[in-house]
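Notes for the structure review
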Amino acid sequence: MNEFLELASKTVQKAFAEAGYPTDNVSVILSNRPDLCELQCNGAMALAKTAHKAPFMIAGEVAEILKKDAADCFSKIEVVNPGFLNLDASPSFVKSYLSDMSKEEKLGVPEPEAKETIVLDYGGPNIAKPLHVGHLRSAVIGESVKRIIRYAGHEAIGDIHMGDWGLQMGLIICELMERKPELVYFDESFEGEYPKEAPFTIAELEEIYPTASGKANPKPVDGESEEAFEKRKEAGKIYKQKAMECTKKLQDGQRGYRALWDHIIDVSVSDMKKNYEKLKVDFDLWNGESTVHNRIPAMVKRLREEGWAHESEGALVIDVKEETDNKEIPPCMVLKSDGASLYNTTDLATLEMRREEIDPDRVIYVVDKRQSLYFEQIFRAARKSGIVKPETGLFFLGFGTVNGKDGKPYKTRDGGVMRLSMLIEQIEEAMLAKILENKKTSSEGAIDEAAAKQTADMVALAAIKYGDLSNQAAKDYIFDVDRFTSFEGDTGPYILYTMVRIKSILKKYEEKFGKLPEDLTLRDAEGAEEKELCLVLTRFNAMVRNAFEELAPHKVCAYVYELANAANRLYHSTKILDEPDAEKQKGYLALLSLTGRVFEAGISMLGFEAPEAM
Ligand code: ARG
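The paragraphs below set out a description of the structure included in this document. Just so you know, these numbers come straight off a predicted model, no measurement behind them.

**Describing the overall build of the protein chain**
- When helices and strands are counted, the protein chain shows 20 helices and 13 strands.
- Once the C-alpha set of the protein chain is aligned to its principal axes, its extents read approximately 90 × 70 × 50 Å.
- The proportion of buried residues among the 614 residues of the protein chain is 50%.
- For the protein chain, the accessible area works out to roughly 29,100 Å², and carbon and sulfur atoms hold 51% of it.
- A gap of 2 Å separates the mean positions of the 80 positive and 103 negative side-chain charges of the protein chain.

What follows is the structure in structure tokens.
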């Protein structure tokens, strides 16, 4: 289905052509003076020079033709100085557009001419490290971008790309060895089968990593003497050395370490799955850095032999600087001087695997924007050495930091790292309190606590996701529990509240008059509020295209917010259930049910759902 403004543009272009003008620069856009008109066309301005005529005259000629030929499209056609065409769409044109739209499952979003296959690398949690707020952004933005891509008709494959192969694994193994040296995994002469049961729980695992990492990188503590700190630093060096050795042995395939690693992955992944499920984030591929470790030797061999990589201070690197750089882009390291692979190596090998197994048109990384230089190095190294095809798009969608109200990275009250689970709980509690409060003042009778909790969790998810997604991804934002959970303003709960209101009108109608009639047909809008809502609805497919092109969930948020405002204005200005004219009432109901569907599509692209009541 064509976009609404495209149809309007075509009509106006025809009039320009009939008046004898070229139409290349003629298009209809939304008015930038909505107080004067709905749409505008500035085409006459650009023609003045070549046509040797005042734009006002050109626009006047076109207006005459439009009045004659396109009265069914435009209910107002005005020429204003210095040569703008001010237009209002006719209610019947809008209605017929919306009724075509309502017949389509995807509400007017066309199938793309060329379907792309896009790999989305998002989530990026690290095994054994608890998820923190940074991982929230990757998951929430990535999930939304994936759904936008799919709604736009392309194929999206989401890969979680877990951090499961680096030094943190060595640190965990090293710490376990200190604590439980008797474990069979550390007995190098052991040839039997390893136990099925992991020698730790998720809670232990989550404690082991920070402890190990703290030992390897000691920070001074209050009241500690310089001497004592120096001593810990020395011990830290040795500890880290040992962890690096463990990492190398693991990567080289030492049996006991691999078995231990399998346990770490199992315990960690099943916990992760629960967390992501709660966030309604799901992945097609649960690959990690380790998935590609078998590919590394052959890849490195080729990079060496073909001369892409060379030794530098013991390490193996690929030069990636380019003449046009205006800042220093350091070489991309492929192997450390001890021969161990690193973050970079696994990312390069992952790109190679994706090319061979998926052959995507594009790979998009949703990662903290502080990694942008890193990805520039990776992209250049991969391109230059033929790891990806020249035509494959590589795109870094970097996001900003989540800050507290003090403008500093969001922390717990005592200054610790904010775990994702704590942050979710905070919002869920705030939401439950609000919902219980609302229920107390409403007339709907007794409160079912369990149902209220379920609703609160649903709305809380919307509060968190919308709070994040409504900002441009690259920007930092302030995590503000009060604002995010508010039922008013540009928030998730406000959107859901509006949707619930629409559902409730439709339900009340059914209670009063029986099932909604099948033949609900839209009518020409009469009132200003009704017309406004219709116009917002006509823009849905254009919005989806734009959000896809720019990989921008915030465009979907801005749209559903506008839709909510328009729907509420109609609600407040119109008696729908008490409308005496049955036909007119059916028209409203048709409009509301289409609005409901557009909302559903919008929030499903954002990755949350609306409850039946709240
Ligand atoms: N695990 C990484 C981190 O926590 C993010 C992974 C991003 N994806 C990638 N392909 N490097 O920083």
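More follows now that the structure is in view.
**A closer look at the pattern of salt bridges**
- As enumerated under the stated definition, the model contains 59 salt bridges in all.
- Between Asp35 and Arg33 there is a salt bridge whose closest N-O contact spans 2.8 Å.
- Under the relative-accessibility criterion, Arg33 is labelled partly exposed at 42%.
- Glu612 is the partner of Lys503 in a salt bridge, and the nearest nitrogen-oxygen pair spans 3.2 Å. Taken together, the residues Lys503 in helix 16 (residues 492-513) and Glu612 in the segment after helix 20 (582-606) connect sequence positions 109 residues apart.

**Remarks on the packing of aromatic side chains**
- Evaluated as defined, the whole model comprises 25 aromatic pairs.
- For the ring pair Tyr477 and Phe484, a centre distance of 6.1 Å and an interplane angle of 40 degrees mean the geometry is tilted. For the pair Tyr477 and Phe484, one class covers both residues: buried.
- Between the aromatic rings of Tyr509 and Phe513, the centroid separation amounts to 4.8 Å while the plane-to-plane angle is 40 degrees, which identifies the pairing as tilted. Residue Tyr509 and its partner Phe513 are both found in helix 16; the two are separated by four residues, about one turn of the helix.
- Phe513 gets classed as partly exposed once you look at its relative accessible area, which sits at 45%.
- Taken together, the aromatic side chains of Tyr343, Tyr365, Tyr374, Phe375, Phe379 and Phe396 make up a single cluster linked through ring pairs.
- Between Lys106 and the ring centre of Tyr151, over which it is positioned, the NZ or CZ distance is 5.5 Å.
- Sitting over the ring of Trp286, Lys273 keeps its end group 4.7 Å from the ring centre.

**Focus: the site of the ligand**
- All residues in the neighbourhood of the ligand are listed as Asp121, Gly124, Asn126, His135, His161, Tyr343, Asp347, Tyr365, Val367, Gln371 and Phe375.
- Within the contact set of the ligand, a nitrogen atom lies 2.8 Å away from a side-chain nitrogen or oxygen of Asn126.
- Within the complex, the protein chains bury 86% of what would otherwise be the 350 Å² of accessible surface of the ligand.
- Here the ligand is seated within the largest pocket.
- Listed by contribution, the elements that provide at least two residues to the shell around the ligand are helix 11 (343-357) and strand 10 (362-368).
- Its residues assigned to classes, the shell around the ligand comprises four nonpolar, five polar and two charged.

**So, empty space enclosed by the protein**
- Enumeration according to the criterion identifies four cavities of 30 Å³ or more in this entry.
- Within this model, the largest cavity holds a volume of roughly 50 Å³.
- Around the largest cavity, the lining residues are Thr498, Arg501, Ile502, Ile505, Ala567, Asn568, Leu570, Tyr571, Ile576 and Leu592.
- Among the elements of the structure, helix 16 and helix 19 (553-573) are those that each provide at least two residues to the lining of the largest cavity.

**What to know about the sheet that holds strand 8 (residues 315-318)**
- Taken in spatial order, the three strands make up an open sheet running 7-8-9, and their pairing is antiparallel. Bordering the open sheet on either side are strand 7 (309-312) and strand 9 (332-335), each of which pairs with just one other strand. Taking each pair of neighbouring strands and ignoring which way they run, the sheet shows an average axis angle of 45 degrees.
- Here helix 10 (residues 296-305) sits on the sheet and contacts strand 7, strand 8 and strand 9; the angle it forms with strand 9, its principal contact strand, is near 120 degrees.

**Describing the packing of helix 16 against helix 20**
- The contact between helix 16 and helix 20 brings their axes to 10 Å, and the two run at 140 degrees. As summarised for this structure, helix 16 and helix 20 are arranged oblique, according to the angle between their axes. For the crossing formed where helix 16 meets helix 20, the hand is left-handed. When helix 16 is examined against helix 20, the residues Ile495, Leu496, Thr498, Met499, Ile502, Lys503, Ile505, Leu506, Tyr509 and Phe513 are found in contact with a partner set consisting of Gln585, Leu589, Leu592, Ser593, Thr595, Phe599, Glu600 and Ile603.
- Taken together, the residues that form the contact of helix 16 with helix 20 break down as twelve nonpolar, four polar and two charged.

**Some remarks on the layout of surface pockets**
- Considered as a void within the structure, the largest pocket measures approximately 1,000 Å³ in volume.
- As for the largest pocket, its lining consists of 50 residues, and the residues nearest its centre are Gly124, Asn126, Lys129, His135 and Gln371.
- With five residues, the single largest contributor to the lining of the largest pocket is helix 5 (residues 133-151).
- Looking at the lining of the largest pocket, its residues break down into 20 nonpolar, 19 polar and eleven charged.

**A short note on unusual backbone geometry**
- A cis geometry characterises the amide bond from Asn81 onward to Pro82, with omega recorded as -5 degrees.
- Inspection of the secondary structure assignment puts Pro82 in the loop between strand 3 (74-80) and strand 4 (84-89).
- Its identity is not glycine, yet His52 carries a phi of approximately 50 degrees, on the positive side.
- The residue His52 is located in the loop between helix 2 (43-51) and helix 3 (55-69) in this model.
- Overall, the relative accessible area of 72% leaves His52 in the exposed class.
- Positive phi, normally seen in glycine, also occurs at Leu551, with a value near 45 degrees.

**A look at helix 18 (residues 540-549)**
- Where helix 18 is concerned, the buried positions are Phe540, Asn541, Met543, Val544, Ala547 and Phe548. Projected down its long axis, helix 18 shows its buried positions confined to an angular sector of 155 degrees, all on one face.

Conventions used here
- Residues numbered from 1 in each chain as written.
- Predicted model: local features only at pLDDT ≥ 70, side-chain atom pairs only at ≥ 80, totals over all residues.
- Heavy atoms only, no water.
- Helix = DSSP H or I, 4+ residues; strand = E, 2+ residues; numbered from the N terminus.
- Buried < 20%, exposed > 50% of the residue type's maximum accessible area, 1.4 Å probe, protein only.
- Areas by Shrake-Rupley, 256 points an atom, 1.4 Å probe, with all protein chains shown as cover.
- Lys, Arg positive; Asp, Glu negative; His and termini not counted.
- Charge placed at Lys NZ, Arg CZ, Asp CG, Glu CD.
- Salt bridge = Lys/Arg side-chain N within 4 Å of Asp/Glu carboxyl O.
- Phe/Tyr/Trp six-rings, centres within 6.5 Å; stacked < 30°, edge-to-face > 60°.
- Lys NZ or Arg CZ within 6 Å of the ring centre and 35° of its normal.
- Near = heavy atom within 4 Å.
- Polar contact = N/O pair within 3.5 Å; in protein donor to acceptor, adjacent residues only side chain to side chain.
- 1 Å grid on protein atoms, 1.4 Å probe; cavity = no way out; pocket = protein on both sides within 12 Å on 5 of 7 lines; lining within 4 Å.
- Sits in = over half its atoms within 2 Å of the grid points.
- Nonpolar A, V, L, I, M, F, W, Y, C, P; charged D, E, K, R; others polar.
- Points joined across faces, edges and corners; volume = space filled by probe spheres on them.
- Pairing = 2+ DSSP bridges.
- Axes fitted to C-alpha atoms, helices over the stretch in contact; angles between N-to-C directions.
- Contact = heavy atoms within 4.5 Å.
- Parallel < 35°, antiparallel > 145°, perpendicular 65-115°, else oblique.
- Left-handed = near helix turned anticlockwise from the far one by under 90°.
- Arc of directions from axis to C-beta.

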